[in-house]
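Each chain, written out:
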Amino acid sequence: MSTDTKATGPFVEDPDVPEYTVYGSDWSEVAAEAARLGQQRIVMNMGPQHPSTHGVLRVMLELEGEIVTEARAGIGYLHTGIEKNMEFRTWTQGVTFCTRMDYVASMTQELAYCLGIEKLLGITDDIPERASVLRVLMAELTRIGSHLVAVGTGGNELGATTIMTTAFVAREETFRVIEAISGLRTNNAYVRPGGVAQGLPEGGVEMIRAMIPKVKEGLDELALLQMENPILKGRLKNVATMNLSACMALGITGPILRSTGLPYDLRKAEPYCGYETYDFQVPTSTDNDAWSRMVIRMEECYESLKIVAQCADRLEKMGDGPVMVEDKKIAWPAQLSIGGDGQGNSPKHIKHIMGESMEALIHHFKLVTEGFDVPAGQVYQAIEGPKGLLGVHLVSDGGTKPWRAHFRDPGFNNLQALSIMAQGGQMADVVVAIASIDMVLGGVDR
Amino acid sequence: MSDDKNLDAVTGPASPEGRAPLTLINVREGMFGAKGDTSGYDGLVQQVQMPGASERPYGEWFDGVVDVLSELLGDDADEAIEYVVVDRGELTLYIAREHLLAVAQHLRDDQDLRFEMCLGVSGVHYPADTGRELHAVYPMQSVTHNRRLRLEVAVPDGDSHIPSITSIYPMNNWHERETWDFFGIIFDGHPSLARIEMPDDWVGHPQRKDYPLGGIPVEYKGAEIPSPDERRQYR
């Protein structure tokens, strides 16, 4: 095997070229020496600790003056072995692992993973409609949150702190609803194989309805702040461009692909959870640049709010009902309700298993500790995450744990585009390119 | 999992010719995965297999795609497509590694196939599947026809070489690096097959089944709780 197995070999292959390693203080000395030698090439290491890298991303830049001639991304700093860990936990426990991948869009992974398990079990059609509506509701709230973080931190990285604070205030409103329904702000473990963890709390529909205008207000404010801002336009327009053929070659999906004019959205192309019955648009642009991606993310937030409103209507019309499959061999034994302290509990269920039925106690114990068997086979489930196509490959050996769970995080794939976006541009625009890719390193490294 | 010493006696002939075209996922012993339980099922041996080859008609658009691909491959078709599985509404083509590049080229370029995107490559390790221990699974996405199929290439552990498809699907660059990193599948012709998630000097390929999960025992109220992969558990 002659393949070079080092990702971070020396930039300068020619051994005769002098190489200086600089850590900060002696810049002027080295700069003077480099000027004397007539060497203009500078290799700079950006990260892994850098506020604008959405986690811990290392970017190796080769510079000529202010121009980036080569950009390479180095990842792996946030690898936590989630996929390996999932092979040692039950299918249900896996939800609490995959939710921690892309922690800005937690429930996206949960949804893809659970849809995959349900396909393996062959119970896709048995999921109660109420559970599907709640899944759509949570997926869209997650999408809004993720896009607001993308736009907000994108602004912050250019020095516009107000863009970030405005976006985060609006995101907080979505978190209030998510917390009231699932008990947690992020890493929710809300979507479970067979349904969702619990139904709407008391006054849930009113709470969702009250949230919508508040988020809209935040989005409007953000739009006013950004859309005519000459500095922001100067920084984002025609920067980090990538056209359709480049996107197809690199398998880019999500807002970056839609900024090249292709309205590819799995919610439309390959609907799941009943997305085909909701009324919403897929915003696109043909500008191919960082600006259009930001605008698309803003527009998608408005579209998601439309879906959220439709979810609230449906939930109100449906009233109370089950949010788990009926099959007692799969369904989690108790439906918890969130108390004032944010903890879930079910006094009725505890009374039943502790005081009334020995069989119910055994069943509870078996299902919770052992889990349920999933017939042997493999599936691939893809959904439209906020950042692009999120794919899950699941293999079952017929047991209570996944034989293999692999997540195709859109950020992992899309980050490959950083070189194309950054090379030939200014160094300051690398930050813009990273922000417009909008990956989260937790998802990239898993 | 890898300590099945008498596996051949249990699973019968392991030669590729003598066996049905199935993927042996696992051979389970005992009832609960742990040795020495008191259930009386300690000697139980179960083979777990992937769904087997499907017969025509495959249904949906599957027949058409397989037909077009076979026609484009010509005389190589029988050799290239080992077998076809339709399971849970998904089409899987098991491809011989020698023909992977040709298959990928046709899948991307032919107007009736047009799978523009490869959604990466996911490695899977089946230690019990003698001679085909390492599998590379390629989900292919057609945006034009809105279809998805799966290519699966199986290679033996001792000779884990698969041609890189980055020349046809550049987006697979990082995905192949990841699968090399985690499973040790060598993608020949990859421009720079370096580790991507683990450090450069890491030894071993962590997502193989014989690679331990790791972790340390934890003491809790006087009792010692073993690390997750050492715990007695249902399997």
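Residues numbered from 1 in each chain as written. Chains lettered and ligands numbered in written order. Predicted model: local features only at pLDDT ≥ 70, side-chain atom pairs only at ≥ 80, totals over all residues.

Brief notes about the overall build of chain B
Moving on, step 1. Across its full length, chain B carries five helices and 12 strands.
Moving on, step 2. Buried residues in chain B amount to 35% of all 235 residues. (Helix = DSSP H or I, 4+ residues; strand = E, 2+ residues; numbered from the N terminus. Buried ≥ 20, exposed ≤ 12 C-beta atoms within 10 Å, placed from the backbone.)

Thoughts on the overall build of chain A
Moving on, step 1. For chain A, the helix and strand inventory stands at 18 helices and 10 strands.
Moving on, step 2. Taking as baseline every contact in chain A between residues at least 6 positions apart, the subset at least 24 positions apart corresponds to 70%. (Contact = placed C-beta atoms within 7 Å.)

Points about helix 6 (residues 161-182) of chain A
Residue and element names in this part refer to chain A.
Moving on, step 1. The terminal C-alpha atoms of helix 6, which comprises 22 residues, lie 30 Å apart, in line with the 32 Å expected from a rise of 1.5 Å per residue.
Moving on, step 2. For helix 6, the set of buried residues is Ile163, Thr166, Ala167, Ala170, Arg171, Glu173, Thr174, Val177, Ile178, Ile181 and Ser182.
Moving on, step 3. Considering only its buried residues, helix 6 is in contact with helix 5 (129-157) and helix 7 (204-226).
Moving on, step 4. At the exit of helix 6 stands glycine 183, carrying a positive phi of roughly 90°. (Expected span 1.5 Å × (residues − 1).)

Looking at the packing of helix 4 (residues 106-121) of chain A against helix 5 of chain A
All names here are of chain A.
Moving on, step 1. At a minimum axis distance of 8 Å, the contact between helix 4 and helix 5 shows a crossing angle of 145°. Helix 5 is crossed by helix 4, and the crossing has left-handed handedness. Between helix 4, through Ser106, Met107, Thr108 and Leu111, and helix 5, the contact on the second element is made entirely by Arg135, Met138, Ala139 and Thr142.
Moving on, step 2. Of the residues belonging to the contact of helix 4 with helix 5, the class tally is four nonpolar, three polar and one charged. (Axes fitted to C-alpha atoms, helices over the stretch in contact; angles between N-to-C directions. Left-handed = near helix turned anticlockwise from the far one by under 90°. Nonpolar A, V, L, I, M, F, W, Y, C, P; charged D, E, K, R; others polar.)

Let's talk about the sheet that holds strand 9 (residues 388-396) of chain A
All names here are of chain A.
Moving on, step 1. The strand order across the open sheet formed by three strands is 8-9-10, and the pairing between neighbours is antiparallel. Among the strands making up the open sheet, the edge pair consists of strand 8 (377-385) and strand 10 (402-408). Between one strand axis and the next, the sheet turns by 15° as a mean value, whatever way the strands run.
Moving on, step 2. Across nine bridges, the pairing between strand 8 and strand 9 is antiparallel. Bridge pairing in strand 9 places glycine 385 opposite glycine 388.
Moving on, step 3. Its contacts with the sheet put helix 4 on strand 8, strand 9 and strand 10, and the angle it makes with strand 8 is roughly 145°. (Pairing = 2+ DSSP bridges.)

Some details on the pairing of strand 3 (residues 81-87) of chain B
All names here are of chain B.
Moving on, step 1. Where strand 3 and strand 4 (residues 90-95) come together, six bridges link them in antiparallel fashion. Bridge pairing in strand 4 places valine 85 opposite threonine 92.
Moving on, step 2. With antiparallel pairing between neighbouring strands as the criterion, strand 3 and strand 4 make up a hairpin whose turn holds two residues, including arginine 88 at a positive phi of roughly 50°.

Digging into the interface of chain A and chain B
Moving on, step 1. The interface is formed by 47 residues belonging to chain A together with 43 residues belonging to chain B.
Moving on, step 2. When grouped by side-chain class, the residues that make up the side of chain A that touches chain B number 17 nonpolar, 18 polar and 12 charged.

Let's talk about the packing of helix 5 of chain A against helix 6 of chain A
All names here are of chain A.
Moving on, step 1. Two numbers describe how helix 5 lies on helix 6: the axes approach to 7 Å, and their chain directions differ by 165°. The orientation of helix 5 with respect to helix 6, classified from their angle, is roughly antiparallel. Between helix 5 and helix 6 lies a crossing whose hand is left-handed. Counting all contacts with helix 5, which are made through Met138, Leu141, Ile144, Gly145, Leu148, Val149, Val151, Gly152, Thr153, Gly155 and Asn156, the residues of helix 6 involved are Thr161, Ile163, Met164, Ala167, Phe168, Ala170, Arg171, Thr174, Phe175, Val177 and Ile178.
Moving on, step 2. Here the contact of helix 5 with helix 6 is composed, by residue class, of 14 nonpolar, seven polar and one charged. (Parallel < 35°, antiparallel > 145°, perpendicular 65-115°, else oblique.)

Digging into the confidence of the model for chain A
Low-pLDDT stretches of the model should not have their predicted coordinates read in fine detail.
Moving on, step 1. Residues at a pLDDT of 70 or more form 89% of chain A, whose mean pLDDT is 86.
Moving on, step 2. Contacts for the low-pLDDT stretch residues 1-7 of chain A, under 50 throughout, to residues beyond four places or in other chains number 16 contacts. (pLDDT = per-residue confidence, 0-100.)

A short note on unusual backbone geometry
Across the chain, the bulk of peptide bonds are trans and the bulk of non-glycine residues have phi less than zero.
Moving on, step 1. With omega at -5°, the peptide bond leading from B:Arg56 into B:Pro57 counts as cis.
Moving on, step 2. Within the element layout of this structure, B:Pro57 appears in the loop between strand 2 (45-49) and helix 2 (62-73).
Moving on, step 3. Residues other than glycine seldom take positive phi values, yet A:Asn187 does so here, at roughly 50°.
Moving on, step 4. Tracing the chain through its elements places A:Asn187 in the loop between helix 6 and strand 4 (191-192).
Moving on, step 5. Non-glycine residue B:Asn146 carries a positive phi angle of around 55°.
Moving on, step 6. The topology assignment puts B:Asn146 in the loop between strand 7 (134-142) and strand 8 (147-155).
Moving on, step 7. What makes B:Asn146 partly exposed here is the crowd of 13 C-beta atoms within 10 Å.

Structural notes on helix 7 of chain A
Residue and element names in this part refer to chain A.
Moving on, step 1. Its 23 residues give helix 7 an end-to-end C-alpha distance of 33 Å, which sits within 8% of 33 Å, the value for a rise of 1.5 Å per residue.
Moving on, step 2. Residues of helix 7 that are buried include every one of Ile208, Met211, Val215, Gly218, Leu219, Leu222 and Gln226, and no others.
Moving on, step 3. In the core, the buried residues of helix 7 are packed alongside helix 5, helix 6, helix 8 (230-236) and helix 12 (290-318).

Thoughts on the environment of A:Val392
Residues and elements named next belong to chain A.
Moving on, step 1. Note that valine 392 resides in strand 9.
Moving on, step 2. The class for valine 392 is buried, based on 24 C-beta atoms found within 10 Å.
Moving on, step 3. Residues contacting valine 392, with those up to four places away along its chain left out, are Ala112, Tyr113, Gly116, Gln381 and Phe407.

What to know about the confidence of the model for chain B
Residues and elements named next belong to chain B.
Moving on, step 1. Mean pLDDT over chain B stands at 83; residues scoring 70 or higher make up 86%.
Moving on, step 2. Note that pLDDT drops below 50 for residues 1-19; the model gives that stretch 20 contacts with residues more than four away or on any other chain.
Moving on, step 3. In the predicted assembly, ipTM is 0.85 and pTM is 0.87.

As for the environment of A:Thr99
All names here are of chain A.
Moving on, step 1. Tracing the backbone through its elements, the reader meets threonine 99 in the loop between helix 3 (94-98) and helix 4.
Moving on, step 2. On the neighbour-count criterion, threonine 99 (25 C-beta atoms within 10 Å) is buried.
Moving on, step 3. Between the C-alpha atoms of threonine 99 and leucine 111, which are 12 residues apart in sequence, the distance is 9.2 Å.
Moving on, step 4. Apart from residues lying up to four places away in sequence, threonine 99 is in contact with Ser106, Gln109, Glu110, Asn187, Asn188 and Ala189.

Let's talk about the nonpolar core
Moving on, step 1. The biggest cluster of nonpolar side chains holds 169 residues, and the ones touching the most others in it are A:Met138, A:Leu415, A:Leu418, A:Val430 and A:Ala433.
Moving on, step 2. Look past the residues within four positions of A:Met138 in its chain and what remains in contact with it is A:Met107, A:Ile178, A:Tyr190 and A:Val191. (Core = buried A, V, L, I, M, F, W, Y, C linked by C-beta atoms within 7 Å.)

Examining the environment of A:Met44
Residue and element names in this part refer to chain A.
Moving on, step 1. Its location among the elements puts methionine 44 in strand 1 (residues 41-46).
Moving on, step 2. Sequence-wise, methionine 44 and threonine 260 are 216 residues apart; in three dimensions their C-alpha atoms are separated by 31 Å.
Moving on, step 3. Once residues within four sequence positions are removed from consideration, methionine 44 is found in contact with Leu61 and Leu63.

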